[in-house]
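As a plain string of letters, each chain reads:
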Amino acid sequence: MLHSRRSFLRASAMLAALPLTGKMAFADIGGVNEKIDLLLQNAVAAGDIPGAAVALTNASGTYYSGAFGTRDAETGAPIGPDTVMAIASMTKPITSVAVMQLVERGALDLDEPVSNVLPELASIQVLAGYDASGKAILRDPATPPTLRQLLTHTSGFTYPMWNADLGRYYQTYNVPSILVGTRDAFKVPLSFDPGTQWEYGIGIDWAGLVVEAVTGVRLGDYLKEHVTGPLGMTSTDFKVSENMARRLSKIYARDADGNLVAAPIGSPDAQAIDAGGSGLHSTLNDYLKFVRMILNKGSLDGQRILAPETIALMSQNNIGDLRVKELKTVMPPMTRDAEFYPGVPKTWGLGFMITEAQAPTGRTAGSLSWSGLFNTYFWIDPARDVAGVMMMQIMPFVDERALQTYYDFETAAYASL
């Protein structure tokens, strides 16, 4: 339950009174600084967003960074590039990099049944509907899911917020919420035969469990040693440390009048496992290092994370003739209908969505991107040597005003190139 009406008004008043900008100084390429400053200041002042930390980078380094608004309307604490936020599904590309490191080493094969590593998936079934008594009708899949299908959302594993039949399964059989992040929360049937559809889901959570099975260590420990640690992402973790907690942002939602108020989501350490599809917290500064590594074809500051040819494989169509489709919500409090750039064809690589034509914002065909449940966003455009990251903490996913602010940010970035 959200806060009272008095809290609504108090939070809105404090948001309006906050200082609007805390910029870092970089060379103003094409006047981008002033344009982005203005649009984000206006978005905060209008109550479109509580706050945002944003940046643009190329392969050489960050050339714009700004922070606007608050991470805590009650205390007035400003948001900043080191503010810790729940990045939700922006965890997925990081986990995918870990998987591809093991593929490079020959420890995993993208196209073998994933049950070779996780035997519990040998008995996975497809949810074919419900009988007259409400019992789930299950059948064997035509083919077993593969690791590539887990990484591309073609395995048959979906999300209950966008799949009504799966949502019914969670309720009927008392499956724990995926937000709790227990292993049991992912023990659900497939929604279709592997390889026959694209539908967003929990496949990369299972891929994270594959990493753990092969390496014998928790996913978070593996990432610290092989991905986030070498990249210097010191504030990126499944567990929110005491130091990170001091910089943690609250998550906001809108009341009935559209005002932004703090939404109780639960403890940031509530997840029992390291959920490779959704569990990380991070900061703007940290995630910039990750996207810059991708722009640099797998390396950053002398640290080689992946080979250039592996980055190339991750950055190309891995779903054949299938295409990314609109996600129709069945849980409106959590997410709206979701599709980026309707009408622009989109495919999927290994960890990223790929736009196949130029987007209205100016994003080049072949660019990589994705987002997180609480309206965190990034894109990587190798052709133009630019990447952008925008971190907010708002529900529902693709909140109309938050999403428009992101589009405006990206449009301003390309107008200045």
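Residues numbered from 1 in each chain as written. Predicted model: local features only at pLDDT ≥ 70, side-chain atom pairs only at ≥ 80, totals over all residues. Heavy atoms only, no water.

## Quick look at the packing of aromatic side chains
Stated formally: Note on aromatic pairs: the rings of Phe, Tyr and Trp (six-membered ring only in Trp) are paired at centre separations within 6.5 Å, and the planes decide the class, stacked below 30 degrees, edge-to-face beyond 60, tilted for the rest. Note on classification: 1.4 Å probe, protein chains only; a residue is buried when its accessible area is under 20% of the maximum for its type, exposed when over 50%, partly exposed between these limits. Two limits define a charge over a ring: the Lys NZ or Arg CZ must be within 6 Å of the ring centre, and within 35 degrees of the ring normal.
Going through the model one piece at a time under the given rule, you end up with 23 aromatic pairs. Judged by centre distance (4.7 Å) and plane angle (35°), the ring pair of Tyr-169 and Tyr-173 falls under tilted. Using a relative accessible area of 13% as the deciding quantity, one classes Tyr-169 as buried. Residue placement shows Arg-168 over the ring face of Tyr-130; its charged tip is 4.0 Å from the ring centre.

## A word on the pairing of strand 16 (residues 386-391)
Formally: Helix and strand assignments come from DSSP, with helices taken as H or I runs of at least 4 residues and strands as E runs of at least 2, each series counted from the N terminus. One bridge is not enough; two strands pair if DSSP finds at least two bridges between them.
Within strand 16, six of the six residues are buried, leaving the element largely enclosed by the surrounding structure. Where burial is concerned, the two faces of strand 16 agree: the one with Val-386, Gly-388 and Met-390 and the one with Ala-387, Val-389 and Met-391 are both buried. Pairing geometry for strand 1 (residues 51-57) and strand 16, over five bridges, is antiparallel. Bridged to Leu-56 within strand 16 is Gly-388. Bridge analysis of strand 15 (residues 376-381) against strand 16 gives six bridges, and the strand direction is antiparallel. The residue of strand 16 that forms the bridge with Phe-378 is Val-389. Counting the residues between successive antiparallel strands, the hairpin from strand 15 to strand 16 contains four residues, one of them, Asp-385, with a positive phi of roughly 50°.

## Considerations on the pattern of salt bridges
It is possible for side chains bearing opposite charge to pair when their charged atoms get close. Stated formally: Each reported salt bridge corresponds to a side-chain nitrogen of Lys or Arg within 4 Å of a carboxyl oxygen of Asp or Glu.
Applying the stated criterion across every chain, the model contains 17 salt bridges. In this structure, the salt-bridge partner of Asp-399 is Arg-254, at a minimum N-O distance of 3.0 Å. Of this pair, Asp-399 sits in the loop between strand 16 and helix 11 (400-415) while Arg-254 sits in strand 7 (residues 252-254), and the two are 145 residues apart along the sequence. Look at Asp-399 and you get buried, because its relative accessible area is 5%. On the basis of relative accessible area, Arg-254 is assigned to the buried category, the value being 17%. The closest approach of N and O atoms between Arg-323 and Glu-356, which form a salt bridge, is 2.7 Å. Placement of the pair is Arg-323 in the loop between helix 10 (308-314) and strand 12 (346-348) and Glu-356 in the loop between strand 13 (353-355) and strand 14 (368-372), with a sequence separation of 33 residues. Because the salt bridges share partners, they merge into one network encompassing Asp-72, Glu-74 and Lys-250.

## Observations concerning the pairing of strand 2 (residues 62-72)
Summarising burial for strand 2: 10 of the 11 residues are buried, a large majority. Here strand 1 runs beside strand 2; their pairing, made up of seven bridges, is antiparallel. Following the sheet pairing, Val-54 is matched in strand 2 by Gly-66. Hairpin remark: strand 1 followed by strand 2, antiparallel, with four residues in the connecting loop. Summarising the sheet, strand 2 and strand 3 (residues 77-78) pair through two bridges and their orientation is antiparallel.

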